[in-house]
2 protein chains.
Amino acid sequence: MTEPSPNFSKGAAYMNGQFIPIAEAKIPVGDWGFVHSDVTYDVVHVTDGAFFRLEDHLDRFHRSLEGYRLDAGVTRDEMREILGKVVALSGIERAFVAMICTRGVPKVYGSRNPLDCQNTFIAYAVPWVDVIKPEVQERGAHLLIASIPRISPKSLDPTLKNYMWRDFTRGMFEALDKGFDTSILLDQDGYLTEGSGFNVFIVKDKKVMTPDRGALRGVTRQSVLDLCPELGLEPLVCPITFDDVMDADEVFTTTTAGGVMPCARVNDKIYGNDRPGPISAKLKDLYWQKHKEGWHMTPVNYADAEHPFSKAA
Amino acid sequence: MTEPSPNFSKGAAYMNGQFIPIAEAKIPVGDWGFVHSDVTYDVVHVTDGAFFRLEDHLDRFHRSLEGYRLDAGVTRDEMREILGKVVALSGIERAFVAMICTRGVPKVYGSRNPLDCQNTFIAYAVPWVDVIKPEVQERGAHLLIASIPRISPKSLDPTLKNYMWRDFTRGMFEALDKGFDTSILLDQDGYLTEGSGFNVFIVKDKKVMTPDRGALRGVTRQSVLDLCPELGLEPLVCPITFDDVMDADEVFTTTTAGGVMPCARVNDKIYGNDRPGPISAKLKDLYWQKHKEGWHMTPVNYADAEHPFSKAA
């Protein structure tokens, strides 16, 4: 009896040295990545069969690993190869590709020393999905500035990617309860930070501004800052207050899982015609046009799916 | 060919309606309990084949579930039965028994709405292990007041149990780097809160004090407060500053996973004879004596292991 071929069509994962269907990618309930949220990750997207800014994501993932004293146990070259391989196995041309490193399970039962744990590297590719639904992006998202403040950077460095999303989750419940699409958070001093998995920008005159504090240094955020000059816009990384948001011409959000996503409302403020603003729309178009032109794109070698990883390594 | 009997000797778990060996208890990498730390839990201990303060743990777990808008999908009676069953299956007479509820995986692929998720209840029993090693408890633990502040209660309610331990993990690394056993955290205003999985007490004259803020309302903490009068001690729940800690006669910690654990040092302060203090030692002895006497104990029905859960339910 021959083994049936694994079905990778819903996504492919790499864990413990093996490539497996996404549905089989599971972590032990005792992994500190779960029970202490002692884990970091990054997510890169693939469109038209090519990674976008893969090296920037790898750079950030390695900064996060270092910041948390985690060891993925694979070299950067191996990691790049594994990420390509999970996409190739899945055959998906428009995908999210996650890289994760958990603290793992203690090698000595019951140890409380993080240095006793076997860190675990996981990667997987799954079909694309927008953080904010396409139809919501089309009409412009409605954001609520939640009443809960973002966890202070004194306790949690927001530039090192983490899964400690309780503040975002509370904000999301508040937004949904009040009929908004999603929420954004201020810090304890009242400055704008970010939303659950996305950065925030405001537009005022020709200035395109994003917070200088309390937020991830997003790759899509960086792309917008890079692209502003092409449209004659001035990119600014600066403190942004509640009043600045209310006084803006436009608001948009950015994320790997959706790109540039225009907003139409924040709290009871309606921007322009209650539709995506013209500058947000131009930035969104340029962002995707650049993808088509191959800007920062690294093609996936889909033929790699036919070779076992051990040979390719 | 008959199925081999599952081996529960290293622990037994309940997940998705089934009882399985602990090694098989795994959660999908896409569960929000992992990727958003959107999960709550509680842990109760079993000594001499009986639960300690089971109803108090169930009360707190249900408060956490409600606070996080999670639905375990089983009644309190079913939960109590499942907890007994995982202990009985494992056959362990000195155990930790965890109850966990994760947000789960979205029923609609890619949804960002927590209400779209299938919440997952997990329970398991594993052999006892002390949070602070017995030999360290014997000499008195050395605690470091870490430089990182505890996440603010404005962003994360410390009375609802959660796995968002990054601040504790950073504190633990700092403690280990500096040669301490573990760490305790102050809040942003400089008041004592708690350690990673334990409450803290200080003793001054006949007063036994624990923080009134920034900390879990621990069951062992409550037990100490309950037992103080028996020893002619005055229990106090009050603000505690760094100076109060340095000025104390004794310091001890409390947790389900270890009971009353005396300390000998905090930072460069050495208490008494650099050994567990007399009041800490008396409280520790009384705490375990009370267990022997059956105080708040609920015996496990180990015979239950012989019946499938479906019949017992």
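Residues numbered from 1 in each chain as written. Chains lettered and ligands numbered in written order. Predicted model: local features only at pLDDT ≥ 70, side-chain atom pairs only at ≥ 80, totals over all residues. Heavy atoms only, no water.

### As for the interface of chain B and chain A
Alright, step 1. Taken residue by residue, the interface counts 52 residues in chain B and 52 residues in chain A.
Alright, step 2. Taking both sides of the interface into account, the surface hidden between chain B and chain A amounts to around 4900 Å²; carbon and sulfur atoms contribute 62%.
Alright, step 3. For the chain B face of the interface with chain A, the top three residues by lost area are F34, R112 and R166 of chain B, together amounting to 17%.
Alright, step 4. Where chain B touches chain A, the interface holds 17 residue pairs in polar contact (both at pLDDT 80 or more). (Contact = heavy atoms within 4.5 Å. Buried area = accessible area lost by both parts, 1.4 Å probe. Polar contact = N/O pair within 3.5 Å; in protein donor to acceptor, adjacent residues only side chain to side chain.)

### Notes on the sheet that holds strand β7 (residues 117-127) of chain A
All names here are of chain A.
Alright, step 1. Ordered by their spatial adjacency, 7 strands build an open sheet running β2-β1-β7-β6-β4-β5-β17, and the pairing between neighbours is antiparallel. Two strands close off the open sheet at either side, each with one partner strand: β2 (18-21) and β17 (297-299). Recorded for the sheet is a direction-independent mean angle of 25 degrees between the axes of neighbouring strands.
Alright, step 2. Bridge count for strand β1 (residues 12-15) against β7 is 4 bridges, and the pairing is antiparallel. (Pairing = 2+ DSSP bridges. Helix = DSSP H or I, 4+ residues; strand = E, 2+ residues; numbered from the N terminus. Axes fitted to C-alpha atoms, helices over the stretch in contact; angles between N-to-C directions.)

### Overview of the confidence of the model for chain A
Detailed reading of the predicted coordinates is not advisable wherever pLDDT is low.
Alright, step 1. Summarising the model, chain A shows a mean pLDDT of 94, and 96% of its residues fall at 70 or more.
Alright, step 2. Residue range residues 308-313 of chain A is modelled with pLDDT below 50. Its contacts to residues more than four positions away, or to other chains, number 8 contacts. (pLDDT = per-residue confidence, 0-100.)

### Topic: the domain arrangement of chain A
All names here are of chain A.
Alright, step 1. Domain boundaries assigned for chain A yield domain 1 (12-128) and domain 2 (134-292).
Alright, step 2. For domain 1 and domain 2, the distance between their C-alpha centroids amounts to 26 Å.
Alright, step 3. Across the contact, 22 residues belong to domain 1 and 22 residues belong to domain 2.
Alright, step 4. Surface buried jointly by domain 1 and domain 2 totals about 1900 Å² across both partners, of which 59% is contributed by carbon and sulfur atoms.
Alright, step 5. A salt bridge links K292 to D48; its shortest N-O distance comes to 3.0 Å.
Alright, step 6. The interface formed by domain 1 and domain 2 contains 9 residue pairs in polar contact (both at pLDDT 80 or more).
Alright, step 7. Residues belonging to the side of domain 1 that touches domain 2 are distributed by class as follows: 9 nonpolar, 7 polar and 6 charged. (Domains from an automatic or database assignment. Salt bridge = Lys/Arg side-chain N within 4 Å of Asp/Glu carboxyl O. Nonpolar A, V, L, I, M, F, W, Y, C, P; charged D, E, K, R; others polar.)

### Points about the environment of E93 of chain A
All names here are of chain A.
Alright, step 1. If you trace the backbone, E93 turns up in the loop between α3 (76-90) and β6 (95-106).
Alright, step 2. Residue E93 is classed as partly exposed on the basis of its relative accessible area, which comes to 46%.
Alright, step 3. Here the alpha-carbon distance between E93 and Y302, two residues 209 residues apart in the chain, equals 9.2 Å.
Alright, step 4. Sequence-distant contacts of E93, that is, excluding residues within four places in its chain, are made with V46, T47, D48, G49 and Y302. (Buried < 20%, exposed > 50% of the residue type's maximum accessible area, 1.4 Å probe, protein only.)

### As for the sheet that holds strand β17 (residues 297-299) of chain B
Residue and element names in this part refer to chain B.
Alright, step 1. Across the sheet, 7 strands lie side by side as β2-β1-β7-β6-β4-β5-β17; this open sheet has antiparallel pairing. Both outer strands of the open sheet, β2 (18-21) and β17, are each paired with one neighbouring strand and no more. Averaged over all pairs of adjacent strands, the angle between strand axes in this sheet comes to 25 degrees, irrespective of strand direction.
Alright, step 2. For strand β6 (residues 95-106) and strand β7 (residues 117-127), the ladder comprises 10 bridges, and the chain directions are antiparallel.

### As for the nonpolar core
Alright, step 1. In this structure, V245 and V251 of chain A together with V245 and V251 of chain B are the most contacted members of the largest nonpolar core, which totals 100 residues.
Alright, step 2. Once you skip the residues sitting within four places of it in the chain, V245 of chain B turns out to touch I145, L192, I202, I240, V251, V266 and Y271 of chain B.
Alright, step 3. Residues V86 and A125 of chain A together with M79 and I82 of chain B belong to the second largest nonpolar core, which totals 70 residues. (Core = buried A, V, L, I, M, F, W, Y, C linked by side-chain atoms within 4.5 Å.)

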